[in-house]
Amino acid sequence: MTSQHPPTPARDEAGAADPRDVVADAPVAGGEAPTTPTSGDAAAPTEPHGTGPHSAPQRSGSAIRSAEVLVSSPDRNFVTLRVTTEDGVVGLGDATLNGRELSVVSYLRDHVVPLLIGRDAHRIEDTWQFLYRSAYWRRGPVTMAAIAAVDVALWDIKARYAGMPLYQLLGGASRTGIMAYGHASGRDLPELFDSIRHHQELGFRSIRVQTAVPGIDKVYGIAAQHTSTGSRYDYEPAQRIPLPAEEDWDTRAYLRHLPRVFEAVRHEFGPELPLLHDGHHRMTPIQAARLGKDLEPYDLFWLEDCTPAENQDALRLVRQHTTTPLAIGEVFNTVWDYQTLVREQLVDYVRSAVTHTGGITALRRILDFAAQYQIKSGIHGPTDISPVGMAAALHLDLAIHNFGIQEYMPHGRLTDEVFRQSFTFTEGFLHPGDAPGLGVVYDDAVADRFPYQPAYLPFNRLKDGTVHDW
Ligand SMILES: [Mg+2]
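Residues numbered from 1 in each chain as written. Predicted model: local features only at pLDDT ≥ 70, side-chain atom pairs only at ≥ 80, totals over all residues.

Q: Where do I start with helix α2 (residues 101–116) in this structure?
A: Residues three or four positions apart in an α-helix share a direction because the helix packs 3.6 residues into each turn. The end-to-end C-alpha separation of α2 is 21 Å, in line with the 22 Å expected for 16 residues at 1.5 Å each. A bend of about 35° at Arg 109 is the largest found in α2. Looking at the buried side of α2, the elements it contacts are β1 (64–72), β2 (78–85), α3 (124–134) and α4 (141–162). Looking at the residues trailing α2, positive phi occurs at Gly 118, about 95°. (Helix = DSSP H or I, 4+ residues; strand = E, 2+ residues; numbered from the N terminus. Expected span 1.5 Å × (residues − 1). Bend = angle between axes of the 7 residues up to and from the residue. Contact = placed C-beta atoms within 7 Å.)

In structure tokens form, the structure reads like this:
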């Protein structure tokens, strides 16, 4: 499904160039940038977006002419916002909220897009504050994914006007490459070892390790498991089925098994390989404390999401018991979710995604706050972060000082056809490339071949039938 709102202005009738061509033909860094916006030559905005003197619709070339909410499902569902200025400069933003995609489509199309028409695309900070504060109902994943999409699209536009890759506008590169970690997994040790070796052959120098647990039928993150539809679980737990798949869970079995797995991995691969693990919010604080202690001999890079994320105080108990580094935050959506965690130094890595936490503007602030406490970035990068969201993460990764590591799950072939990208992955290090803006082009013709399909993440039940955190 490709939806557009409002209808595209009559640019085709006027013979104007398709703004998507402007993206495709955008100059390389240092080349010719779009000219300074001119006033008076753009069509008047069709709708007002505010009533005060500071909210008057703009009539310059950088005024927003259209904002389209694009939905496609090449390998999975993606929601993309495309903002076009009167000059025809185009910016993209990712608004994908895994398993709840259409809620953000509605939030954007029905409530945000009418506010954007006529606004000056260069006013990124003002637009962010306007969308956050004028809604009154703040925070939450739907709201913040929608604001993120607008914010990233406007950064993309600003960098295209400048003729620079976005990271240059964020302060320039602080490093030459972005260390990435890949996802290895296995149903047993031989399969896990093969998966780790495969990721090393792909170039990864840091590896997340997830493993099946004896007695549990399906466990999050195990690629070779089969889903209820018979397809491979393979990096994509959201399944295109009418109801969520039910999985099972047993925390005690997991706590008994996991240290033995890491002992075997360290024995096989030696002490130097950075290893990560994701607990996926399934433990109580005291269970997480025990796991952190039990894993200390294996020198993890981090233990991620060990407890449910809502309770920041839980991490205080975990911290009192273990020196295993802790990472959390992929389901957070504002700086307030980190307030206690950062101020009391209860975590070591911030896991938020650009897409789910209000965009580059907001995540930069969270990371600057974290930097004062020697807490580093570990930006969320699963396949449900679209190539647009990933590109935004890579530009931020390159620019900030307190970079830690970047999660990287390569997208499928069809996704790469819809989103043409300019990033590179070389010997374990990502780089966003030097194309102007984010460096991503959305191909409508390919996207239109893959309409939205309902999909759900699975959920967990314990052996007695109790619903458990997935
Ligand atoms: Mg995670």
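Q: Please clarify how helix α12 (residues 387–399) should be interpreted in this entry.
A: Along its 13 residues, α12 runs 18 Å from first to last C-alpha, staying within 8% of the 18 Å computed at 1.5 Å per residue. Among the 13 residues in α12, 13 count as buried, and that is most of the element. (Buried ≥ 20, exposed ≤ 12 C-beta atoms within 10 Å, placed from the backbone.)

Q: Help me understand the packing of α4 against helix α11 (residues 359–371), please; the structure alone is not making it clear to me.
A: The axes of two packed helices give the description: the angle between them and the distance between them. The geometry of α4 relative to α11 is characterised by a closest axis approach of 6 Å and an angle of 100° between their N-to-C directions. If you check the angle between α4 and α11, you find them roughly perpendicular. Where α4 approaches α11, its residues Ile 147, Ala 148, Asp 151, Val 152 and Trp 155 are matched on the opposing element by Gly 359, Ile 360 and Thr 361. Here the contact of α4 with α11 is built from residues that sort into 5 nonpolar, 2 polar and 1 charged. (Axes fitted to C-alpha atoms, helices over the stretch in contact; angles between N-to-C directions. Parallel < 35°, antiparallel > 145°, perpendicular 65-115°, else oblique. Nonpolar A, V, L, I, M, F, W, Y, C, P; charged D, E, K, R; others polar.)

Q: Please clarify how the packing of helix α7 (residues 251–269) against helix α8 (residues 285–295) should be interpreted in this entry.
A: Taken N-terminus to C-terminus, the directions of α7 and α8 make an angle of 15°; their axes are 9 Å apart at the nearest point. Compared by their axis directions, α7 and α8 come out roughly parallel. Taken as a pair, α7 and α8 cross one another with a handedness that is right-handed. Every residue of α8 that contacts α7 at Thr 251, Leu 255, Leu 258, Pro 259 and Phe 262 is listed here: Gln 287, Arg 290, Leu 291, Asp 294 and Leu 295. Looking at the contact of α7 with α8 residue by residue, the class counts come to 6 nonpolar, 2 polar and 2 charged. (Left-handed = near helix turned anticlockwise from the far one by under 90°.)

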